[in-house]
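Secondary and tertiary structure notes
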Amino acid sequence: MKLLVIGGGGREHALAWKLQSSPRVREVLVAPGNAGTAAEPGVRNVAVAVDDLDALLALAQSEAIDLTVVGPEVPLVLGIVDRFEAAGLRIFGPRRAAAQLEGSKAYAKAFLARHQIPTAGYAVFTELAPALAHVRQLGAPIVIKADGLKAGKGVVVAMQLAEAEAALLELLGSTPTGAGAPVVIERFLEGEEASYIVLCDGQHALPMASSQDHKRRDAGDLGPNTGGMGAYSPAPVVSAEIDQRVMATVILPTLAGMAADGAPFRGFLYAGLMIRGDGDLQVLEFNVRLGDPEAQPILLRLRSDLLELIEAALAGQLDRVNAHWDPRPAVAVVIAAAGYPGAVHGGEVVCGLDAAALPDSKIFHGATRSEHNQVLTSGGRVLTVCALGADIGAARNRAYQALAPIHFAGGFYRSDIAHLALRR
Ligand code: AMP
Ligand code: GLY
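Residues numbered from 1 in each chain as written. Chains lettered and ligands numbered in written order. Predicted model: local features only at pLDDT ≥ 70, side-chain atom pairs only at ≥ 80, totals over all residues. Heavy atoms only, no water.

What the protein chain contains, in helices and strands, is 14 helices and 23 strands. Its C-alpha atoms give the protein chain a radius of gyration of 21 Å, within 12% of the compact-globule value 22 Å for 424 residues. The proportion of buried residues among the 424 residues of the protein chain is 55%. A fraction of 69% describes how many contacts in the protein chain between residues 6 or more apart in sequence connect residues 24 or more apart. With an accessible surface of roughly 16,700 Å², the protein chain has 51% of that area assigned to carbon and sulfur atoms. Between the averaged position of the 37 positive side-chain charges in the protein chain and that of its 44 negative side-chain charges there is a distance of 1 Å. (Helix = DSSP H or I, 4+ residues; strand = E, 2+ residues; numbered from the N terminus. Rg over C-alpha atoms; globule rule 2.2 N^0.38 Å. Buried < 20%, exposed > 50% of the residue type's maximum accessible area, 1.4 Å probe, protein only. Contact = heavy atoms within 4.5 Å. Areas by Shrake-Rupley, 256 points an atom, 1.4 Å probe, with all protein chains shown as cover. Lys, Arg positive; Asp, Glu negative; His and termini not counted. Charge placed at Lys NZ, Arg CZ, Asp CG, Glu CD.)

Set out below in structure tokens:
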């Protein structure tokens, strides 16, 4: 088979690498891919952007692609699945209506409330004055979320009232009355976060291994929110009991609710959860795709053929398959470029990649491109260095050992990935 993976980050490098390992796959095209996918045997980059649906459709047709797998949220929210299906092409991901679970925070919150799925209490505002009155009444800590896709950066967790007021002023202050994009204000939740990702066929869900992401830029979980600075799998906070409760109180009601609302969910569904010490669990957010960087350690641990699982999902038969996992934990450390999560300059030469190859480790590229036999940076999250180990500490040590030879000007990483898991 000939596959197409849409996207160009670490998640898509991991997807292309994993799918290419299937005995039934002859070639994987990646649009647009990166320097890592370009160097992967049996994988070929095609320079098409993830939001250019016309060009992606033309590419899938001219290359006679048998199956397309969508990595990022942007094409899903734009309706790429609807477009491909209308043209009679096989594609895996949620349709536009179902992708709203990530595309609009206001939609997701209303969905959760309507189907009695646990989530923080909230209110939606489009005007500044009532929004300010609301946060002043509730007080800090409180959370402000901009509607729409923000690449993990549209959320302000305000520990002080002044921070919440400043965030509202920025989001709603300059728009004429009534014209603002919706802003969700929600209660602050305490606990430990986990990413719970399942493969869905519209009716059944097959859980992937649990994982945990490090959203803040700096060690000690300080600094601004990012798309994720590292991850590991499994997440010890997701015990067997929590796992069952997540399926019963979040995942299955979500699938049933989406089907009842006329938007059955097919694709990877990612529930961002907040889990308290007493076992209480709440949904923080939904994503309609694999996480990045969570996908990298998850796919490193997946022993089953991913193509078989995706085809079972497309056939509505996920209840008939199992996923097999490497019992060893995996740790993934992101190396980011100076300035991330703000604006970054690309074009730095990445050195030491060859020296970095260790057994049971894998370097997934994110924002890289190749030029004149060199690897250059091209954005914020440049590489994800992943490793397996006998336990989480061994996996972490191996990941840091594998990244030690890698250098580029301004590159930085968190030195404490997996600290919460190690403390347990
Ligand atoms: P989201 O994009 O909604 O997942 O928010 C990004 C990050 O903000 C989450 O991963 C949490 O770390 C934090 N966050 C979001 N909502 C809340 C909340 N209600 N209480 C505490 N932290 C939150
Ligand atoms: N790592 C979080 C995300 O992919 O949204």
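Near ligand 1 you find 15 residues, and of these Lys 145, Glu 186, Arg 187, Leu 189 and Glu 193 are the closest. Between Lys 215 and ligand 1, the recorded distance is 3.1 Å, taken from a side-chain N or O atom to an oxygen atom. Here ligand 1 loses 94% of its free accessible area of 470 Å² to cover by the protein chains. Broken down by secondary-structure element, the contributors of at least two residues to the shell around ligand 1 are strand S7 (142-146), strand S8 (155-158), strand S9 (183-187) and strand S17 (281-287). Its residues assigned to classes, the shell around ligand 1 shows seven nonpolar, one polar and seven charged. (Near = heavy atom within 4 Å. Polar contact = N/O pair within 3.5 Å; in protein donor to acceptor, adjacent residues only side chain to side chain. Nonpolar A, V, L, I, M, F, W, Y, C, P; charged D, E, K, R; others polar.)

According to the stated counting rule, one finds three aromatic pairs in the structure shown. Each ring, one from Phe 92 and one from Phe 268, has its centre 5.8 Å from the other, and the planes form 80 degrees; the classification is edge-to-face. Note that Phe 92 is positioned in strand S5 (residues 91-92) and Phe 268 in strand S16 (residues 266-275), a separation of 176 residues in sequence. The interplanar angle of 45 degrees and the centroid separation of 5.9 Å between the aromatic rings of Tyr 400 and Tyr 413 together place this pair among those described as tilted. Placement of the pair is Tyr 400 in helix H13 (residues 392-403) and Tyr 413 in the loop between H13 and helix H14 (419-423), with a sequence separation of 13 residues. (Phe/Tyr/Trp six-rings, centres within 6.5 Å; stacked < 30°, edge-to-face > 60°.)

Further remarks concern the nonpolar core. Most often, soluble globular proteins have nonpolar side chains that are buried together. Core analysis: the largest hydrophobic core is formed by 50 residues, its most contacted members being Ile 80, Val 250, Ile 251, Phe 265 and Phe 286. Broken down by element, this core gets its largest block of residues, seven residues, from helix H10 (residues 240-260). Sequence-distant contacts of Ile 80, that is, excluding residues within four places in its chain, are made with Ile 6, Leu 53, Leu 56, Val 70, Pro 75 and Ile 91. (Core = buried A, V, L, I, M, F, W, Y, C linked by side-chain atoms within 4.5 Å.)

Attention shifts here to the side chain of Glu 63. Checked against the element boundaries, Glu 63 lands in the loop between helix H3 (53-62) and strand S4 (67-70). At 2.7 Å, the side chain of Glu 63 forms a polar contact with the side chain of Lys 2. For Glu 63, the residues in contact, after removing those within four places along its chain, are Lys 2, Leu 29 and Arg 44.

What the rule picks out here adds up to 30 salt bridges. We note a salt bridge from Glu 40 to Lys 362, for which the minimum N-O separation is 3.2 Å. Taken as a pair, Glu 40 in the loop between helix H2 (35-38) and strand S3 (43-45) and Lys 362 in strand S20 (residues 361-365) lie far apart in primary sequence, 322 residues in all. The exposure class assigned to Glu 40 is buried, which follows from its relative accessible area of 13%. According to the relative accessible area criterion, Lys 362 is buried, its value standing at 17%. A salt bridge links Glu 186 to Lys 145; the shortest N-O distance between them is 3.2 Å. Of the two residues, Glu 186 is situated in strand S9 and Lys 145 in strand S7; the sequence distance between them amounts to 41 residues. Given the relative accessible area of 6%, Lys 145 is considered buried. One connected set of salt bridges, linked through shared partners, spans Lys 2, Glu 27, Arg 44 and Glu 63. (Salt bridge = Lys/Arg side-chain N within 4 Å of Asp/Glu carboxyl O.)

Another aspect to go through is the sheet that holds strand S1 (residues 2-7). Adjacent strands of a sheet pair through backbone hydrogen bonds, lying either parallel or antiparallel. Reading across from one edge, S3-S2-S1-S4-S5 is the order of the five strands in this open sheet, with parallel pairing throughout. Edge positions in the open sheet fall to S3 and S5, since each of these has one partner strand only. Note: S1 against S4, four bridges, orientation parallel. Counterpart to Leu 3 in the pairing with S4 is Leu 67. (Pairing = 2+ DSSP bridges.)

On to the pairing of strand S6 (residues 122-125). Residues Ala 123 and Phe 125 of S6 are buried on one face, while the alternating residues Tyr 122 and Val 124, pointing to the opposite face, are not. Relative to S9, S6 runs antiparallel, the two sharing four bridges. Its bridge partner being in S9, Tyr 122 is matched across the sheet by Glu 186.

Moving on to the environment of Asp 82. Here Asp 82 shows up in helix H5 (residues 80-86). Once the C-alpha coordinates of Asp 82 and Arg 95 are considered, the two residues, 13 residues apart in sequence, prove to be 5.6 Å apart. Sequence-distant contacts of Asp 82, that is, excluding residues within four places in its chain, are made with Arg 95 and Arg 96. A polar contact of 2.8 Å, which involves the side chain of Asp 82, links it to the backbone nitrogen of Arg 96.

Time to look at the site of ligand 2. In the vicinity of ligand 2, the residues found are Asp 213, Lys 215, Gly 227, Tyr 270, Asn 287, Arg 289, Gly 291, Asp 292, Pro 293 and Glu 294. Taking Asp 292, its main chain carries an N or O atom lying 2.9 Å from an oxygen atom of ligand 2. Between ligand 2 and Glu 294 there is a distance of 2.8 Å, counted from a nitrogen atom to a side-chain nitrogen or oxygen. Taken together, the residues of the shell around ligand 2 sort by class into two nonpolar, three polar and five charged.

Reading across from one edge, S11-S10-S16-S17 is the order of the four strands in this open sheet, with antiparallel pairing throughout. With one partner strand each, in any of the chains shown, strand S11 (205-207) and S17 form the two edges of the open sheet. For this sheet, the mean inter-axis angle between neighbouring strands, taken without regard to orientation, is 35 degrees. When S16 meets S17, the two strands line up antiparallel, connected through six bridges. Bridge pairing in S17 links Tyr 270 to Asn 287. The strands touched by H10 within the sheet are strand S10 (192-201), S11, S16 and S17, with S17 carrying the most contacts at an inclination of about 50 degrees. (Axes fitted to C-alpha atoms, helices over the stretch in contact; angles between N-to-C directions.)

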